[in-house]
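So the chains spell out like this:
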Amino acid sequence: MMKFVLRNMTMLMVAVFVLSACTGQSTAEKEQEAPTKGFPFILPKEKPNRPLSKAMERNYDNYMAPRPEDNELYSQFKYTELKGFDYNDHDGTISRRDPSKVIFENGKYYVWYTYRNTPTKPMGAKKCNDTIPSADWDLSEIWYATSTDGITWEEQGVAVPRPPKPEVGWRSVTTCDILKFKGKYYIYYQGFMQASGLRGDDCPVAVSYADSPDGPWTAYNKVVVDNGAEGEWDQYSIHDPHPFVYNDKIYLYYKSDFDGDPRLVRMTGLATSDNPLGPFEKHPLNPVINSGHETTMFPFQEGMAALVIKDGNEHFTIQYAPDGVNFDIAAITMLMPTAAGPYTPDAFTNTKDGRGITWGISHLTAATGWDTNHAILLRFDCDLSLDLDDKDMKHHNYYYKPEHYYKHGLNGKQRKRIAEENKKLTGK
Ligand code: AAL
């Protein structure tokens, strides 16, 4: 029997070989002439060997999978209200915002953030003084809190206070992030030397260090990431310092806002150093991300991934750079966390196998309206992790009820324009 089968298989193989030799077509070319000329009904998991449109080339070349559900860098985001933070009945006098990454030490989670507690709500640059804040992050300190579940937090108090004038940050220390390096802890933060809004939101970056995440913190009292030279993109603001240990160095991503137009352009830059206290060298390709607002990155596989939010052509995307510098869009999503500080276990491990993130702390500004202008912290959850497969985080859309759409209605100027267009057309 077996001899029969083998003989027939051999004859079949010879026949195929002879046939293809006659038609002069290789196996690959034969595959090109798929049985159906149209694109197949079942979406190929791998890039098909056939002429493709630019969009279909992109669908296979740019994304980790041809469908979002299978794309490790696509996720929806779910939000949870935090417990343990008092906001004075949301009257605008207390604000918490711009949280750091979350770390896990001493059996609990830690997060640091901008804390403002002023007699009034922010009153703008013209009305501000030594006690009245110009902006939500003016006259602020860096405080911290701990938690065992990431939802109920115990506020521990001040980590980095405003230093005395003329030290860097005497007006306000804000928008911090944490680095653990060779067993020591470093908090990087924006050091304001004048009220935000007097010229712009201008500041450099300073740092304080400690042997424990609970402090005490010692201010380095020097600028570690300076503003750019006059005329350079980051000449006025070095915002959202965001440090990692990567490629055997400290990679500190930051945002700057520029272009001089009152509608600011916001992009992300990178500065690296061998020493947490600097000097930091800015990357020659800066800006390295052409959109976004606050910086949220995380080690992913051999590179770095980024949540790119709010501003710019590529806002509301998740991006990836295999080298930590050259970013490409890896997914498009919505309702992204603002100023997210993810729990990132491998942020300081110099990893080349970044596992991704599943939750963190973010903020909401003007939490109860611009009249009581203050921000609150909240928890976000997602599946941007190689170690999680939460299919409920991979749906394509959020469904809003009509009233949500009607809340985003036309303004008076738009209604006037439409009425004029209608009158021109109908005479009424
Ligand atoms: C935030 C951050 C920086 C800015 C201000 C406070 O969203 O981008 O910190 O300076 O707004």
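Before reading further, recall that the structure is shown in the block above.
Residues numbered from 1 in each chain as written. Predicted model: local features only at pLDDT ≥ 70, side-chain atom pairs only at ≥ 80, totals over all residues. Heavy atoms only, no water.

**Student:** Honestly, the side chain of Thr 296 in this entry has me stumped. Any pointers?
**Tutor:** In this fold, Thr 296 is placed in the loop between strand E14 (281–282) and strand E15 (297–301). Within polar-contact distance, the side chain of Thr 296 engages the backbone oxygen of Ala 340 at 2.9 Å. Beyond its immediate sequence surroundings of up to four residues, Thr 296 is in contact with His 242, Ala 305, Ala 306, Leu 307, Ala 339, Ala 340 and Pro 342. (Helix = DSSP H or I, 4+ residues; strand = E, 2+ residues; numbered from the N terminus. Polar contact = N/O pair within 3.5 Å; in protein donor to acceptor, adjacent residues only side chain to side chain. Contact = heavy atoms within 4.5 Å.)

**Student:** Before we go on, may I ask you to explain helix H5 (residues 412–426) in this structure?
**Tutor:** One turn of an α-helix holds 3.6 residues; hence residues three or four places apart share an orientation. Relative to the 21 Å expected for 15 residues at 1.5 Å per residue, H5 spans 21 Å between its end C-alpha atoms, a close match to the ideal helical length. Two or three places before Lys 413, at the start of H5, stands the capping residue Asn 411, its side-chain oxygen 3.0 Å from that residue's backbone nitrogen. At the exit of H5 stands Gly 427, carrying a positive phi of roughly 75°. (Expected span 1.5 Å × (residues − 1).)

**Student:** Just checking my understanding: could you explain the side chain of Gln 319 for this structure?
**Tutor:** Tracing the chain through its elements places Gln 319 in strand E17 (residues 317–321). Residue classification places Gln 319 among the buried positions, given a relative accessible area of 1%. Reaching out from Gln 319, the side chain makes a polar contact with the side chain of Glu 314 at a distance of 2.8 Å. A distance of 3.0 Å separates polar atoms of two side chains, one belonging to Gln 319 and the other to Thr 317. Setting aside residues up to four positions removed in sequence, Gln 319 forms contacts with Ile 289, Met 304, Ala 305, Ala 306, Val 308, Glu 314, Phe 327, Asp 328, Ile 329 and Ala 330. (Buried < 20%, exposed > 50% of the residue type's maximum accessible area, 1.4 Å probe, protein only.)

**Student:** For this particular structure, what's the right way to read the sheet that holds strand E11 (residues 239–246)?
**Tutor:** Two orientations exist for strands paired in a sheet by backbone hydrogen bonds: parallel and antiparallel. One open sheet accounts for 4 strands, arranged E11-E12-E13-E14; its pairing is antiparallel. Edge positions in the sheet fall to E11 and E14, since each of these pairs with one other strand and no more. (Pairing = 2+ DSSP bridges.)

**Student:** Explain the site of the ligand to me, please; I cannot follow it from the model alone.
**Tutor:** All residues adjacent to the ligand are Arg 97, Asp 98, Trp 137, Thr 175, Gln 190, Asp 201, His 239, Asp 240, Lys 255, His 293 and Glu 294. Between the ligand and Thr 175 there is a distance of 2.5 Å, counted from an oxygen atom to a side-chain nitrogen or oxygen. Relative to its unbound accessible area of 280 Å², the ligand is 96% covered by the protein chains. A breakdown of the residues in the shell around the ligand according to their chemical character gives 1 nonpolar, 4 polar and 6 charged. (Near = heavy atom within 4 Å. Areas by Shrake-Rupley, 256 points an atom, 1.4 Å probe, with all protein chains shown as cover. Nonpolar A, V, L, I, M, F, W, Y, C, P; charged D, E, K, R; others polar.)

**Student:** What is the right way to read the sheet that holds strand E10 (residues 218–219) from this model?
**Tutor:** The strand order E7-E8-E9-E10 describes an open sheet built from 4 strands, whose pairing is antiparallel. Each having just a single partner strand, strand E7 (172–181) and E10 make up the two edges of the open sheet. Both strand E8 (residues 184–192) and strand E9 (residues 205–210) contribute to a ladder of 6 bridges, which runs antiparallel. If you follow Ile 187 over to E9, its bridge partner there is Ser 208.

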